[in-house]
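Examination of the molecular architecture
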Amino acid sequence: MTTAHVTCPLCEATCGLEVTLDANQQVTRVKGDDNDVFSRGYICPKGASLGALHHDPDRLTAPLLKRDGEFVEVSWQEAYDEIDRRLPPILEEHGRDAVAVYAGNPGVHNIALTLYGRVLYKALGTKNFYSATSVDQLPKHYSSGTMFGDPLAIPVPDLDRTRHLLILGANPLVSNGSLMTAPDIRGRLRGIRERGGKIVVVDPRRTRTAQFADEHHAIRPGTDALLLFALVNVLFAENRARPRKLEAHLNGLDDVRELARPFTPEAVAQRTGIDADEIRRLARELAEADNAVVYGRIGTTTQTFGTVASWLVDVLNVLTGNLDEPGGAMFPLAACQPTGNRRPFAVGRWHSRVRGLPEVVGELPVATLADEIETPGDGQVRALITVSGNPCLSTPNAGRLSEALKGLDFMISVDVYLNETSRQADVILPGPSPLERPHFDLAFYQLSVRNVANWTPATLPSKLPQEWETMLRLTGIVTGQGPEADVEALDDFVAADVARRAKLEVTRDRTGPARLVDLMLRAGPYDVTLADLEAAPHGMDFGPLKPRIPEVLCTASGRIELAPATIVADVPRLREELAKPEDDGLVLIGRRHLSSNNSWMHNLKPLVRGGNRCTVLIHPADATRLGLTDGALASVTSRAGKLEVPVEVTDEVRPGVVSIPHGWGHDADGSRTRVARANPGVNSNLVADETLLDVPSGTTVLNGIPVEVAPV
Ligand SMILES: Nc1nc2c(c(=O)[nH]1)N[C@H]1C(S)=C(S)[C@@H](COP(=O)(O)OP(=O)(O)OC[C@H]3O[C@@H](n4cnc5c(=O)[nH]c(N)nc54)[C@H](O)[C@@H]3O)O[C@H]1N2
Ligand SMILES: Nc1nc2c(c(=O)[nH]1)N[C@H]1C(S)=C(S)[C@@H](COP(=O)(O)OP(=O)(O)OC[C@H]3O[C@@H](n4cnc5c(=O)[nH]c(N)nc54)[C@H](O)[C@@H]3O)O[C@H]1N2
Ligand code: SF4
Ligand SMILES: [Mo]
């Protein structure tokens, strides 16, 4: 029997887990690591299923190659030979942009894919780079990029010291927190209460977090920007806007005051569904609290005014003097923080060919991937590489995208399952399980409510190549070196580049991600090396967050841009929205469950117990009006598509709003996820409309989709 201490790579919370294995290397137990410096024993049902994931018989154990429409297991050599035969000719004949990439969420929880994926994408040199970011947090990168000059400088709630937390569009008791790395959310929220603080939730649904909070406001979907502007309006009108020490580092304070003028509480009350008096009280309480923080997540980003809402969240943190202050919204400083020579934030360096949508932080909106595949002409996408992504379930108008993929000349999926997306590939390249690879949460320590770091060595050897090697093999092929490219030499080259940026000598004692992380640690702010972290299996704690202004700012002015031009340019659209006549049609929002992880963990039995969770929630008043009964089937129709789903009547959602979780719809022909197929649910993104976008960022509206619901 052996015990390993690992950091859970499944969500942003970075919990430390204790994994017990028997003599046959079977996982017999997974529990929270009581000694983890950050999570102190916390675990959720997903973390507890790490063993089930590792032992899942449907997880791929060899490359798959499609021959005459059927997948066959092949050697890595055969897989790469096939890729080398088919991919370079497309690049040669049609140019770099003919090959698109879609990078999915688990890649951000995987150092091999994070550090070496970018090597592949750069080598490909395609403008058609897409990722889950444009169905997620892109508006936040946009607001941070324009306000602070760095799209990765995202302030997070200082959860352990705040006395007032205003949450919009997040359900951290279920999601375990996002853009806020904080294991044991419940304990930390309880801490706010115990300090005599207050938690306010703004959400169209009475979620678990809303139930736990002191106050819940059931906002109408898509109207957060109006509410936030009204809060700003009240702060100015009542002379409560006090940026305090930030005043010396600010541009645009007067512009914001002017911009907020039309958005009085009375003007937005009906639209948001929140009384003017309540809005005034919310603003006063925010201003009067000893310290306070406004925090917005998916419900505020994947909606019509995602960028404006994301911006206003931090405008409020500035105006109340809570940005960069303990108990407010603070900038983490990770052990592997990229420092020095940050490039100023830019958008629109190129545009998508068909719809002319602007590039943001190096990517195009995935909402236009189908256009780029379907539309003939110079620059048409003819091949696709998906890397740890399942866009056929997770992106808008998934029905159209799935059809479009059939028109590709070639498709590769780097994925651990044969699922709804990878079934469409010509070649699938699998990777090791989370227990068979080292892990370090590069991205999420940069969003963490304490400055911590924890290195996890691989618990078990892998029969499959590590995914950094896969990325470098593909890099070799797309750079014309063929399948025999010298991976070690490529890795040395990558490490030399990281060392050069860090102004360090490249080291030779390690290879792959471990060497890169070691170099980044050495260049980082805490004087630690990978060896130090290896000697600390429960992690290292560098303490609570510290103020970072002005050092964190890298705008051209060196100041916080409180009224960035490209965001301000979207405010007239919001004013128009306010002026439009009221539309009382139904709108669709999403939801998450504790035992889900977007689309890809429904194949694990412990996570799908307890009946079908993929239902449409509808308020009793709407159900009665439409003749819908609990448990019966309803059809949900939008401009993009139609689906049928069982009804769940509940006053948990506000009238006018229906909710369906995403990540279901596992009944596609040819997928090999037996447990998921037995309880497939429906794909909510069949009705998500790829033409409805947050304009500045191109992020898809996944919350607030106009739909019609009827009995089947
Ligand atoms: N309607 C609606 N749609 C949404 C959302 C919503 O709230 N509502 N949320 C959006 C958000 S926030 C996100 S992040 C996206 C997620 O969108 P995606 O990233 O496209 O989807 P996932 O479900 O995370 O699928 C991840 C894929 O990675 C594979 N995988 C898992 N682990 C590994 C690994 O270690 N290596 C490799 N190579 N592959 C691996 C899985 O098998 C799966 O195919 O969905 C978005 N879509
Ligand atoms: N268990 C579990 N945990 C997860 C995931 C998962 O799939 N399952 N996915 C992970 C990923 S990739 C991400 S990005 C995070 C997301 O983390 P969260 O953002 O916390 O996730 P959600 O639970 O989707 O919460 C979004 C909330 O926004 C509300 N909402 C919808 N529309 C609006 C609106 O217009 N305004 C407001 N104010 N609220 C609105 C919804 O009702 C919902 O409660 O979760 C991560 N953690
Ligand atoms: S909360 Fe997230 S990190 Fe923690 S055990 Fe669950 S899935 Fe893993
Ligand atoms: Mo996400």
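Calculation rules
Residues numbered from 1 in each chain as written. Chains lettered and ligands numbered in written order. Predicted model: local features only at pLDDT ≥ 70, side-chain atom pairs only at ≥ 80, totals over all residues. Heavy atoms only, no water. Near = heavy atom within 4 Å. Areas by Shrake-Rupley, 256 points an atom, 1.4 Å probe, with all protein chains shown as cover. Core = buried A, V, L, I, M, F, W, Y, C linked by side-chain atoms within 4.5 Å. Buried < 20%, exposed > 50% of the residue type's maximum accessible area, 1.4 Å probe, protein only. Helix = DSSP H or I, 4+ residues; strand = E, 2+ residues; numbered from the N terminus. Contact = heavy atoms within 4.5 Å. Salt bridge = Lys/Arg side-chain N within 4 Å of Asp/Glu carboxyl O. Expected span 1.5 Å × (residues − 1). Arc of directions from axis to C-beta.

In the nomenclature of an unreviewed UniProt entry, the protein chain corresponds to Molybdopterin oxidoreductase family protein from the organism Amycolatopsis iheyensis.

**Here's the deal with the site of ligand 1**
Taken together, 30 residues lie around ligand 1, and Y102, N105, S394, D415 and S599 are the ones closest in. For ligand 1, whose accessible area on its own is 920 Å², the fraction buried by protein is 96%.

**With respect to the nonpolar core**
Counting 153 residues, the largest nonpolar core has I83, F229, W311, L429, F440 and L562 as its most contacted members. Broken down by element, this core gets its largest block of residues, eleven residues, from helix α9 (residues 224–237). When near neighbours in sequence (up to four residues on either side) are disregarded, I83 contacts P88, F410, I412, V427, L429, L474 and I477. Core analysis: the second largest hydrophobic core is formed by 46 residues, Y102, L418, L586 and I705 among them.

**Focus on the pattern of salt bridges**
If charged atoms from side chains of opposite charge come close, those side chains can pair. Applying the stated criterion to the full structure yields 52 salt bridges. Residue E285 pairs with K198 through a salt bridge whose shortest N-O separation is 2.8 Å. Highlighted residues: E285 in helix α12 (residues 276–288) and K198 in strand β10 (residues 198–202), separated in sequence by 87 residues. E403 is the salt-bridge partner of K406, the closest N and O atoms lying 2.7 Å from each other. Its relative accessible area of 48% is what places E403 among the partly exposed residues.

**Notes on α12**
Along its 13 residues, α12 runs 18 Å from first to last C-alpha, staying within 8% of the 18 Å computed at 1.5 Å per residue. All of the buried residues along α12 are A276, I279, L282, A283 and L286. Along the axis of α12, the buried positions cluster into a sector of 120 degrees, meaning they face one direction only. α12 presents D277 and E288 as exposed residues on the side facing more than 90 degrees away from its buried surface.

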